[in-house]
Amino acid sequence: MTEALRVRDVMHKPPVTVGADLTLSEAAHALDEHKVGAAAVLDSDGGVRGIVSERDILRSLGQGVDPASTRVSEVMTAHPVTVAADDSVAQALEIFRTRQFRHLPVLENGHVAGILSIRHVVRVAHIEEVKPAGSAPALAPRGLEGVAVAETAVGDVRGEEGFFHYRGYDACELARRCSFEQVWHLLVEGELPDSAQLRDFRGRTVAARSLPGGVDPLLHSLATLPGYSPLGALRTAVSLTGAALQVEPTLDISAVQVRAEALRLASLTPVLLMRLHRYQQGLPAVDPDPDLGYAAAYLQMLTGTRPAETAARALEKYLVLTMDHGFNSSTFTARVITSTGSDIGSALTGAIGALAGPLHGGAPSRALAMLDAIGTPDHAEEYLRDEIGAGHRLMGFGHRVYKTDDPRSTLLREVAAEIGGEQAEFAQFVEATALRVLNELKPGRRLYTNVEFYAGVVMNTVGVPRDMFTPTFACSRTVGWTAAIAEQAASNRLIRPSALYVGPPALRPLPEGYAYA
Ligand code: ACO
């Protein structure tokens, strides 16, 4: 299939090249700057001496070499297998298959003309498989269900197995054992920080909480608009702040700058939200206490006082649990916007817009409203049976992906029990009753408690107002969005699918005599 396609059509050109005497730090910088996974290593005559990839560098770092003094010549693959620009992609694919390489230098007239990566080739082979040449575009299932539209190393949801992870680590274990900042670092920088990295990262997030000039008066205006909604106001405030920070198109900036802008906006999101909230309430703003981490500062900016450690830690667990959740609609939105080369402010604004929909960010307050409607334990069974009998859904139960316990609900149940209070006890009673009733009236549907059931209880108990539940979710999810944005920008391809046209046959002539009006 890939027979007709030539290597020159698919290779990355011009090739990124480095000298064998460059240090690993310098080579890594060159790869990062050009957003490629490998570079050709040239000798003094311009001939190919080797190839060095990001993986080669990472592997050597893992073996403890010093990147500032080790030379490319020590880690590169010398005398690499090469392909010619006129070779077919099918030939190249065969080399990748049999020799297990991931990148090949491409030669033309004795010089390196490009670098061919296995990703390019596999993608082309896959597209050709899905779409025979000359045919109409293949129609993906509605809602893209079951279709992988990108590669990601940020995280994944394993619904059938009942877990989700961030970069391979169980997200619930991270929430139990790590701070918000540790997991934030993991998601955006790619690894769990050691203590020096964490100190530096915390310092940067605290410094990034200061509002850019000119934003505060506009927050005042936003907060006093008629029909104020916290999430809508936050979306506008993020857009405004992106503009005030003069964030640049991701296409024009380095990966380092993308991450710096990401950190700035993710640090500012809760500051914007809390200012909007307080202005809307007619209260003065509370600046974040630089001694407090993300979660504790969140509550301190809300109330004006330092929160109890148990409350801050309970909220922190919720925030870590909601940082990311696979390739959901808002994450996809952020990646689509980034794929156009647009700036991070636009991508985050669009992501909040996607999250605002009831089918996504929904209303975590609905489960709490159900608890209110039940009122007392003796009403639970009757209420729940009546709801199901009337064809309604019990809020906080069932999930499209999890057909076993939603791991987030398991952890949040624990968190709710830890912080205690009447509502947590009542919620446990209602949950047990609901599961029993669902099992009886909806047998075989695999309905379990979902994240919303205890999220509302936890947030309510630590003092987050109900209309701030989804905006709180937006704040933590901003971390996941920024990780996705950075990933998209680092390996970008414009996301531009097709649609199957089903309208009137084309081309139609305009009705006779139809004139400009
Ligand atoms: N209460 C009662 N019955 C339910 C519930 C529920 N919460 N959820 C599903 N069912 C029943 C349906 O009525 C259906 O029964 P039927 O076979 O007799 O028609 C069966 O289970 C299958 O339902 P589907 O709609 O196919 O399930 P789906 O996977 O599409 O729904 C959803 C998932 C939308 C979350 C659903 O369970 C629901 O509406 N739950 C209540 C709202 C809620 O808690 N939303 C938050 C979800 S968490 C999140 O999105 C972050």
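Worth saying up front: this structure is predicted, and the values here are computed from it rather than measured.

1. Structural notes on the overall build of the protein
Here's step 1: Along its length, the protein carries 22 helices and 10 strands.
Here's step 2: By its C-alpha atoms, the protein is 85 × 65 × 55 Å across when sized along the principal axes.
Here's step 3: Within the span of the protein, comprising 517 residues, buried residues form 45% of the whole.
Here's step 4: Looking at the protein as shown, the accessible area adds up to about 25400 Å², and 52% of this sits on carbon and sulfur atoms.

2. Section: the sheet that holds strand β8 (residues 155-158)
Here's step 1: Read from one edge of the open sheet, three strands run β8-β9-β10, paired in antiparallel fashion. Either end of the sheet is taken by a strand with one partner, and the two such strands are β8 and β10 (169-170).
Here's step 2: Pairing of β8 with strand β9 (residues 163-166), which is carried by four bridges, proceeds in the antiparallel orientation. Bridging across to β9, R158 finds its partner in F163.

3. Side note on the nonpolar core
Here's step 1: Core analysis: the biggest nonpolar cluster contains 100 residues, and Y166, W184, L315, M323, V430 and F453 have the highest contact counts within it.
Here's step 2: By residue number, the principal contributor to this core is helix α12 (residues 255-280), which donates 11 residues.
Here's step 3: Here F453 is in contact with A367, M370, L371, M395, G396, F397, A427, V430 and E431, once residues within four sequence places are set aside.

4. Details of the packing of helix α17 (residues 365-374) against helix α20 (residues 422-441)
Two quantities define a packed helix pair, namely the angle between the axes and the distance from one axis to the other.
Here's step 1: Running from N to C, α17 and α20 cross one another at 90°; their axes reach a closest spacing of 11 Å. In terms of their interaxial angle, α17 and α20 are classed as roughly perpendicular. On the side of α17, the interface is formed by L368, M370, L371 and I374, while α20 contributes Q423, F426, A427 and V430.

5. Regarding the site of the ligand
Here's step 1: Taken together, 17 residues surround the ligand, and among them L394, G396, F397, K442 and R445 come closest.
Here's step 2: At 3.3 Å from an oxygen atom of the ligand is found a side-chain nitrogen or oxygen belonging to K403.
Here's step 3: Bound to the protein, the ligand loses 69% of the 930 Å² it would expose on its own.
Here's step 4: A breakdown of the residues in the shell around the ligand according to their chemical character gives six nonpolar, four polar and seven charged.

6. Here we look at unusual backbone geometry
Here's step 1: Put simply, K13 and P14 share a cis peptide bond, and its omega is -5°.
Here's step 2: Note on placement: P14 falls in the loop between α1 (7-10) and β1 (17-19).
Here's step 3: Cis geometry is found at the peptide bond from A506 to L507, where omega equals -10°.
Here's step 4: Topologically, L507 is positioned in the segment after α22 (469-490).
Here's step 5: If you check the backbone angles, R167 has positive phi at about 50° while not being a glycine.
Here's step 6: Tracing the backbone shows R167 in the loop between β9 and β10.

7. Thoughts on the pattern of salt bridges
Here's step 1: The tally for this structure, following the rule as stated, stands at 25 salt bridges.
Here's step 2: Linking E440 and R385 is a salt bridge whose minimum nitrogen-to-oxygen distance equals 2.8 Å. Of the two residues, E440 is situated in helix α20 and R385 in helix α18 (residues 377-389); the sequence distance between them amounts to 55 residues.
Here's step 3: We note a salt bridge from R413 to E431, for which the minimum N-O separation is 2.5 Å. Of this pair, R413 sits in helix α19 (residues 407-419) while E431 sits in helix α20, placing them 18 residues apart in sequence.

8. Describing the packing of aromatic side chains
Here's step 1: By the definition in use, this model includes eight aromatic pairs.
Here's step 2: Ring plane angle 75° and centroid distance 5.6 Å describe the contact between F180 and W184, whose orientation is recorded as edge-to-face. Here W184 and F180 lie together in helix α8 (residues 180-189), a separation of four residues that amounts to about one turn. Here F180 matches W184 in class, with each residue buried.
Here's step 3: Ring centres of W184 and Y294 lie 5.7 Å apart, and the angle between their planes is 85°; on these two criteria the pair is classed as edge-to-face. Residue W184 is located in helix α8, and its partner Y294 is located in helix α13 (residues 294-303); the two are separated by 110 residues in the primary sequence.
Here's step 4: Here R408 stacks its cationic end above the ring of F164, 5.9 Å away from the centre of that ring.

9. Section: α12
Here's step 1: With 26 residues, α12 ought to run about 38 Å at 1.5 Å a step, and its terminal C-alpha atoms sit 37 Å apart, in line with that.
Here's step 2: α12 sits mainly inside the fold: 20 of its 26 residues count as buried.
Here's step 3: Of the residues flanking the end of α12, it is G282, one or two places downstream, whose phi is positive at about 75°.

10. A closer look at the sheet that holds strand β3 (residues 48-53)
Here's step 1: Strand order in this open sheet of four strands is β1-β2-β3-β4, and the pairing throughout is mixed. Only two strands of the sheet have a single neighbouring strand rather than two, namely β1 and β4 (77-78).
Here's step 2: As judged from the five bridges shared by strand β2 (residues 38-42) and β3, these two strands associate in the antiparallel manner. Pairing of L42 across the sheet is with V48, part of β3.

Scoring rules and cut-offs
- Residues numbered from 1 in each chain as written.
- Predicted model: local features only at pLDDT ≥ 70, side-chain atom pairs only at ≥ 80, totals over all residues.
- Heavy atoms only, no water.
- Helix = DSSP H or I, 4+ residues; strand = E, 2+ residues; numbered from the N terminus.
- Buried < 20%, exposed > 50% of the residue type's maximum accessible area, 1.4 Å probe, protein only.
- Areas by Shrake-Rupley, 256 points an atom, 1.4 Å probe, with all protein chains shown as cover.
- Pairing = 2+ DSSP bridges.
- Core = buried A, V, L, I, M, F, W, Y, C linked by side-chain atoms within 4.5 Å.
- Contact = heavy atoms within 4.5 Å.
- Axes fitted to C-alpha atoms, helices over the stretch in contact; angles between N-to-C directions.
- Parallel < 35°, antiparallel > 145°, perpendicular 65-115°, else oblique.
- Near = heavy atom within 4 Å.
- Polar contact = N/O pair within 3.5 Å; in protein donor to acceptor, adjacent residues only side chain to side chain.
- Nonpolar A, V, L, I, M, F, W, Y, C, P; charged D, E, K, R; others polar.
- Salt bridge = Lys/Arg side-chain N within 4 Å of Asp/Glu carboxyl O.
- Phe/Tyr/Trp six-rings, centres within 6.5 Å; stacked < 30°, edge-to-face > 60°.
- Lys NZ or Arg CZ within 6 Å of the ring centre and 35° of its normal.
- Expected span 1.5 Å × (residues − 1).

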